[in-house]
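Structure assessment
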Amino acid sequence: MKMNTGKAHPVRTLWLCGALHALTHIYHVALMPLYLLIQRDLALESVEHATLLLTLMMLAYFLPSYAMGALADRLSRKKLLTAGLAINGLGYIGLAFAQDYGWAVICVMIAGLGGSFFHPAATSMIARLFPASTGRALGLIGVGASVGFFIGPLYSGWRAGSAGWRAPVLELGSVGVLMAGLFAWLAQEEPPRTQPNERKIVREKLFATPALCLLFIAMSFAFGLRDFTGSSMGSLGSLFLQNACGFDLKQTGMALSAIFLASVVSNPLFGHLSDRGRMRWTCAVLLVSIVVVGIFPRVPAQWLIPTFALYGFFFMANYPMVEAALMEAVPDAVRGRAFGFFITLAGLIGNLSHWMAGNWVKSLGANAHSTRAYYPLYGQLALLLLLSLLGLPCLHAIRKREKPAPDVLPDTAGHAFRDPQFK
């Protein structure tokens, strides 16, 4: 990976972004083991009120994404990342002191709002700092997400067992605020987006033509189907393992965490490989994932955890590759808005899966304890993942129509820009 020399420290900024990525996703999963404790402590009528807290947090996370992308195109991305993590952590700190449900709702939505700063700003920033190896760079910060998804429920469940649910929430929130300060101190500010002798490429409009807008919406919807399948593999997988396979909570947690442990290796690996052929590597990992999803309920119980790991190894690796392709398909001046628009559509579609997975299992009735009853459900998920491949030609078409100018930073201008093979 080419890196800037002298006083600039893009690699340090890369790892700091990975740490922010980890904390962002820790906050998304840390409440999962705490539902029953929150229900009892806040005297809620049912556990659905506790689970609704996470749903509201994720709505607050996805809905402002386009607005956050617009800010990322106009303001300092470093400052936005700092502010977002600080707000995210403060929301958790406030939740730790919540005395009633209304207070808790406000705090989780503040936390979700803070989290919405991350992806539009960080993805645009890393693509700007590493124009010649964007896939590898985004794959490396993707390791942070894997670590966060793995650590979040493990830490909060372990800590709450001895100190109650408020202790891990307060501690994780405090770590976020401290990390925001560390990022502000150590992370590199981006170089100016246009140089004196460079052609100015700033555009007022996100989409130059209506055709580009339609292509972008189609691409976002297609990858929303991908996100729906990915989220369902967690929610439906948890219910399948416990209802039909006799897994206890500890075994179920180990199975789900296997998805993210495997992606610690595959995210940077495939991200790096994709810098030599973005579309074909993305297509390859998704095709393997389709097969694994389709056969998953037919796998013997003793092989389910390794199958989850195999699925995570390939499926999770598609995210940094798709994000790198998206960043290379649009000009730097609109990258924040483009990613914000994308994550709003795709994320909201994917977030429906948690509710729908519960309804699916409820509709099975007594058959929920039979593995055969899940065959059609996983077949449908595999079909949705297959349909999501339609997002790749849409993304390729966007790149051909946009033809963005390569981003060459001042101190790397002497090196040839390596344009990945978009095929």
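Details of the structure are given in the entry above.
Read on for an overview of the structure. Nothing here was measured: the structure is a model prediction, and the numbers come from that model.

Definitions and limits used
Residues numbered from 1 in each chain as written. Predicted model: local features only at pLDDT ≥ 70, side-chain atom pairs only at ≥ 80, totals over all residues. Heavy atoms only, no water. Helix = DSSP H or I, 4+ residues; strand = E, 2+ residues; numbered from the N terminus. Contact = heavy atoms within 4.5 Å. Areas by Shrake-Rupley, 256 points an atom, 1.4 Å probe, with all protein chains shown as cover. Phe/Tyr/Trp six-rings, centres within 6.5 Å; stacked < 30°, edge-to-face > 60°. Buried < 20%, exposed > 50% of the residue type's maximum accessible area, 1.4 Å probe, protein only. Salt bridge = Lys/Arg side-chain N within 4 Å of Asp/Glu carboxyl O. Axes fitted to C-alpha atoms, helices over the stretch in contact; angles between N-to-C directions. Left-handed = near helix turned anticlockwise from the far one by under 90°. Nonpolar A, V, L, I, M, F, W, Y, C, P; charged D, E, K, R; others polar. Expected span 1.5 Å × (residues − 1). Polar contact = N/O pair within 3.5 Å; in protein donor to acceptor, adjacent residues only side chain to side chain. Parallel < 35°, antiparallel > 145°, perpendicular 65-115°, else oblique. Patch = residues over 30% accessible without salt bridge, like charges linked within 9 Å, V, L, I, M, F, W, Y side chains within 5 Å.

Quick notes on the overall build of the protein chain
- Counting its secondary structure elements, the protein chain contains 17 helices and zero strands.
- Considering only residue pairs separated by 6 or more positions, the protein chain has 85% of its internal contacts joining residues 24 or more positions apart.
- Just so you have it, the protein chain exposes about 17,500 Å², and 68% of that area is on carbon and sulfur atoms.

Remarks on the packing of aromatic side chains
- This model, assessed by the stated rule, comprises 21 aromatic pairs.
- For the ring pair Phe207 and Phe216, a centre distance of 5.2 Å and an interplane angle of 55 degrees mean the geometry is tilted. Neither residue differs from the other here; Phe207 and Phe216 are each classed as buried.
- Consider the rings of Phe207 and Phe341, whose centres lie 5.6 Å apart with planes at 80 degrees: the pair is edge-to-face. Taken together, the residues span a long stretch of sequence, with Phe207 in the loop between helix H9 (166–186) and helix H10 (210–244) and Phe341 in helix H15 (residues 335–364) at a distance of 134 residues. An identical accessibility class is assigned to Phe207 and Phe341; each is buried.

Comments concerning unusual backbone geometry
- A positive phi angle, near 55 degrees, is found at Ala43, a position not held by glycine.
- Within the secondary structure, Ala43 is located in the loop between helix H2 (35–41) and helix H3 (47–62).

Considering the pattern of salt bridges
- In the structure shown here, the tally under the stated rule is seven salt bridges.
- For the salt bridge of Arg337 with Asp73, the shortest nitrogen-to-oxygen distance reads 3.0 Å. Of this pair, Arg337 sits in helix H15 while Asp73 sits in helix H4 (residues 65–74), placing them 264 residues apart in sequence.
- Taken together, the shared-partner salt bridges in this structure form one network comprising Asp73, Arg77 and Arg337.

Looking at the environment of Cys283
- Among the structural elements, Cys283 can be located in helix H12 (residues 278–295).
- Along the sequence, Cys283 and Val322 sit 39 residues apart, while their C-alpha atoms lie 10.0 Å from each other.
- Ignoring anything within four residues of it in the chain, the contact list for Cys283 reads Leu389 and Leu392.

Some details on the packing of helix H5 (residues 77–96) against helix H7 (residues 118–129)
- Remark: H5 packs on H7, axes separated minimally by 9 Å, with the N-to-C direction vectors making an angle of 145 degrees. Between H5 and H7 lies a crossing of left-handed hand. Contacts between H5 and H7 involve Arg77, Lys78, Leu80 and Leu81 from the former and Phe118, Ala121, Ala122, Ser124, Met125 and Arg128 from the latter.
- Taken together, the residues of the contact of H5 with H7 break down into six nonpolar, one polar and three charged.

Details of helix H6 (residues 101–115)
- With 15 residues, H6 ought to run about 21 Å at 1.5 Å a step, and its terminal C-alpha atoms sit 21 Å apart, in line with that.
- Considered for burial, the residues of H6 that qualify are Tyr101, Ala104, Val105, Cys107, Val108, Ala111, Gly112, Gly114 and Gly115.
- The N-cap of H6, judged by a side-chain oxygen 3.2 Å from the amide nitrogen of Gly102 a few residues on, is Asp100.

A closer look at the packing of H10 against helix H13 (residues 304–315)
- Viewed as axis vectors pointing N to C, H10 and H13 meet at an angle of 170 degrees, and their least axial separation amounts to 13 Å. Looking at the two axes, H10 sits roughly antiparallel to H13. For the pair H10 and H13, the contacting residues are Arg226, Thr229, Gly230, Met233, Gly237, Phe240 and Leu241 in the first and Leu304, Phe308, Tyr311 and Phe315 in the second.
- For the contact of H10 with H13, a count of residues per class yields seven nonpolar, three polar and one charged.

Points about a nonpolar patch on the surface
- Together, Leu287, Leu383, Leu386, Leu387 and Leu390 make up a nonpolar patch on the protein surface, roughly 440 Å² of accessible area in all.
- In terms of residue count, the dominant contributor to the nonpolar patch is helix H16 (residues 375–388) (three residues).
- Here Leu287 falls in the partly exposed class, since its relative accessible area comes to 40%.

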